[in-house]
Amino acid sequence: MIPELGHFALILALLLALVQSVLPLVGAQRGNRTLMAVARPATQGQFVFVALAFGCLAWSFLANDFSVLNVARNSYSRLPEVYRLTATWGSHEGSLLMWVLILGFWSSAVAIFSRHLPEDMVARVLGIMGLISVGFLAFLLTTSNPFERLVPAAPDGNDLNPLLQDWGMILHPPMLYMGYVGFAVAFAFAIAALLSGKLDAAWARWSRPWTTVAWAFLTLGIVLGSWWAYRELGWGGWWFWDPTENASFMPWIAGTALIHSLAVTEKRGAFKAWTVLLALTAFSLSLLGTFLVRSGVLSSVHAFATDPARGAFILGFLAVVIGGSLVLYAWRAPKMITGGGFSWFSRESLLLANNVILIAALGAVLLGTLYPLFMDAMGLGKISVGPPYFNAVFVPLMAPALFLMGVGPLVRWKEGSLPDAWTRLKWALGVAVVAAVLLPLTLDGFKPWASLGFFLAVWITLAVAVAFRDRLRHGGGSVAHRLGTLPRGFWGMQLAHFGMAVGIAGIAVVANYESERDVRMDVGSYAELAGYTFTFHGASEREGPNYRAARGTLEVTRNGKHVATLHPEKRLYNASGMAMTEAAVHPNLFRDIYVAMGEQLDEQGAWSVRLFHKPFINWLWLGAVFMVVGGFLAASDRRYRIALRRSELPRGLAAQGAGA
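Source: prediction; values computed, not measured. (Residues numbered from 1 in each chain as written. Predicted model: local features only at pLDDT ≥ 70, side-chain atom pairs only at ≥ 80, totals over all residues. Heavy atoms only, no water.)

J.: Teacher, can you tell me more about the overall build of the protein here?
T.: A count of helical and extended segments in the protein gives 21 helices and 10 strands. A globule of 660 residues ought to have a C-alpha radius of gyration of about 26 Å, and the protein, at 27 Å, matches this closely. Overall, the protein is about 90 × 70 × 55 Å in size when its C-alpha atoms are taken along their principal axes. Counting only residues that meet the buried cut, the protein has 55% of its 660 residues in that class. For the protein, the proportion of contacts with a sequence separation of at least 24, taken over those separated by at least 6, is 74%. Accessible area for the protein stands at about 28,000 Å²; split by element, carbon and sulfur atoms hold 65% of it. The protein carries 50 positive and 38 negative side-chain charges, and their two centres are separated by 16 Å. (Helix = DSSP H or I, 4+ residues; strand = E, 2+ residues; numbered from the N terminus. Rg over C-alpha atoms; globule rule 2.2 N^0.38 Å. Buried < 20%, exposed > 50% of the residue type's maximum accessible area, 1.4 Å probe, protein only. Contact = heavy atoms within 4.5 Å. Areas by Shrake-Rupley, 256 points an atom, 1.4 Å probe, with all protein chains shown as cover. Lys, Arg positive; Asp, Glu negative; His and termini not counted. Charge placed at Lys NZ, Arg CZ, Asp CG, Glu CD.)

Take a look at the structure:
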């Protein structure tokens, strides 16, 4: 009964999505306020029905209803309850239902928090988001029904993929989808502006906070995925340039370019066409990522042969959305009026250079991700494009962009002064150069890539300090008071830039100075790594809720002093028979000690063990946290609300206020 209710709720949601997409767009075109007013209730009603469907699916998993095919394939009676809940979005069908749920959440948020916007703009934005909902709901109901019945019901389930039975996967997919789908808001605002022909600073101001929040969520989702892979896969790596990772990283790069381009459009009325194109690109890449991950094409380009309907539907939807938006862009873009001019050395020119570099880096990642698939599809053989390509191409491209990150915020709009910028930043440049030379010598010797990372990290950090110093020179009161009066937008920008510096420092150290050993360890034997001694006390059998495990015990000491006792595991899952490595990690701010068990080597209890010393790796996660907090702070700046209220004033009053 519950699954049927969920299926019926999806049908009702599709009907409301059709109403949401058609009537408001027609009303906005004809100036019919009655039709435009349908947008908000239809949007909120659709969200309620999708939430009901999602709740029904979650109940089916929690209740072990193995008469539902989705539950039988992705759950197990002995699966812990928390993982039964996360199994709701652990499958193809469930993850797409979560996509639609989050799209409904974003649409409802726009409906609630956009009451100060012009009615025709809101109608167009919600109408476009309704069209996207129609596509995904139709996909769910026609090719990926999460409530499909299994007759007769299975006695038990196949279990959730053991890789997904981890706390990191509880938050990673929802946060990633919040970012993915959040770019649909920027996309809808861009399409609405193209349809109305009103591509002005107000459009950028309305779109910018939504885009920044989506970017912050996507940043959080990516870093949670990286943290999960580091802990769960047992390889000690934190980024593999895997196509699945790239599928989320490409929209992030486009989104980063977009939020900087929106700043120029809002402040100066420039880059309008470029900003619109970036908004279209960011969401198009989110859809491309969905196609790559959900069509099965990453496992094999011939996955269409086993389930062609899904792949063909997503590919067709991708073609309609991207193709239609680009046709509209090509029609409207030539009519866009550009903003005021700017000199070669200005904040606009530096942000433009930064954007061009980001798009070049995006192109490199896109090429490396799609080229092997294209070669395989054309029957030209299987090739692998891995870290050597991406590191050789992406890192040199990003270094100039990161350098400009330090300069751009300190240069004036329209026309900057190179001598002034040199005067303010020369000491920061000198300190960064000295740090690039000396800091590697305090570790394990000079390494060029580490030196470049240290230079960029120190340079960005000092540029942030200069920005704060310049701001605090003005105004009275204590330093704390003046810091408190700084706008959230400024705090958010600087905090995000500082987070990038912290992350770069962590990457520079861990990528160049980490160490590892693969050793055979008998009971009572020891091994040394990076000044630490690891003593193996054997492995014992342990029974988990849905697995059996060999649980190792290793004592870690340094200079004879106890540091930690670690318990890595080798697990065998009952239902699937999959063997998994559960690493043990002892973290602190400046290093991780990481231990993973391999295979048992003899009957006397000897095991192969992999030992890692990961210096400064936690700075990656810490830097990302700063970036996420910075994004949310910037999006909550009061000036967006004040500017919206001013835009509603009659022109005469607005002019009087401007004169005052």
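J.: What exactly am I supposed to notice about the environment of serine 144 here?
T.: By secondary structure assignment, the location of serine 144 is in the loop between helix H7 (119-143) and helix H8 (168-196). Discounting chain neighbours no more than four positions away, the residues touching serine 144 are His92, Glu93, Leu96, Phe139 and Arg310. Of the polar contacts made by the side chain of serine 144, one reaches the side chain of histidine 92; its length is 2.9 Å. (Polar contact = N/O pair within 3.5 Å; in protein donor to acceptor, adjacent residues only side chain to side chain.)

J.: Honestly, unusual backbone geometry in this entry has me stumped. Any pointers?
T.: Across the chain, the bulk of peptide bonds are trans and the bulk of non-glycine residues have phi less than zero. Cis peptide bonds are those with omega within 30 degrees of zero, and the linkage from valine 151 to proline 152 qualifies with -5 degrees. Positive phi values are uncommon outside glycine, yet lysine 414 reaches one of about 70 degrees. Here lysine 414 lies in the loop between helix H14 (387-407) and helix H15 (418-438).

J.: What's the story with the pairing of strand E2 (residues 526-529) in this structure? I'm lost.
T.: Across a regular strand the side chains alternate sides, sitting on one face of the sheet and then on the other. Side chains of E2 alternate between two faces, with Ala527 and Leu529 buried and Tyr526 and Glu528 left unburied. Summarising the sheet, E2 and strand E3 (residues 532-543) pair through four bridges and their orientation is antiparallel. In the strand pairing of E3, leucine 529 is matched with tyrosine 532. (Pairing = 2+ DSSP bridges.)

J.: Just checking my understanding: could you explain the packing of aromatic side chains for this structure?
T.: Describing an aromatic ring pair means giving the distance of the ring centres and the angle of the ring planes. For the structure on display, the rule yields 35 aromatic pairs. Between the aromatic rings of phenylalanine 187 and phenylalanine 283, the centroid separation amounts to 5.0 Å while the plane-to-plane angle is 45 degrees, which identifies the pairing as tilted. Here the residue phenylalanine 187 occupies a position in helix H8, and phenylalanine 283 occupies one in helix H11 (residues 272-294), the gap between them amounting to 96 residues. By the burial criterion, phenylalanine 187 is buried, and phenylalanine 283 matches it. Where phenylalanine 403 meets tryptophan 459, the ring centres are 4.8 Å apart and the plane angle is 5 degrees; that geometry is what we call stacked. Here phenylalanine 403 is found in helix H14, whereas its partner tryptophan 459 is found in helix H16 (residues 448-472), with 56 residues between them in sequence. Owing to a relative accessible area of 29%, phenylalanine 403 belongs among the partly exposed residues under this scheme. Linked through ring pairs, Trp215, Trp239, Trp241, Phe249, Trp252, Tyr389, Phe390 and Phe394 together constitute an aromatic cluster. Positioned above the aromatic ring of tryptophan 331 is the side chain of arginine 332, whose terminal nitrogen or guanidinium carbon lies 4.5 Å from the ring centre. In this structure, arginine 558 is placed above the aromatic ring of tyrosine 532, and the distance from its NZ or CZ to the ring centre is 4.6 Å. (Phe/Tyr/Trp six-rings, centres within 6.5 Å; stacked < 30°, edge-to-face > 60°. Lys NZ or Arg CZ within 6 Å of the ring centre and 35° of its normal.)

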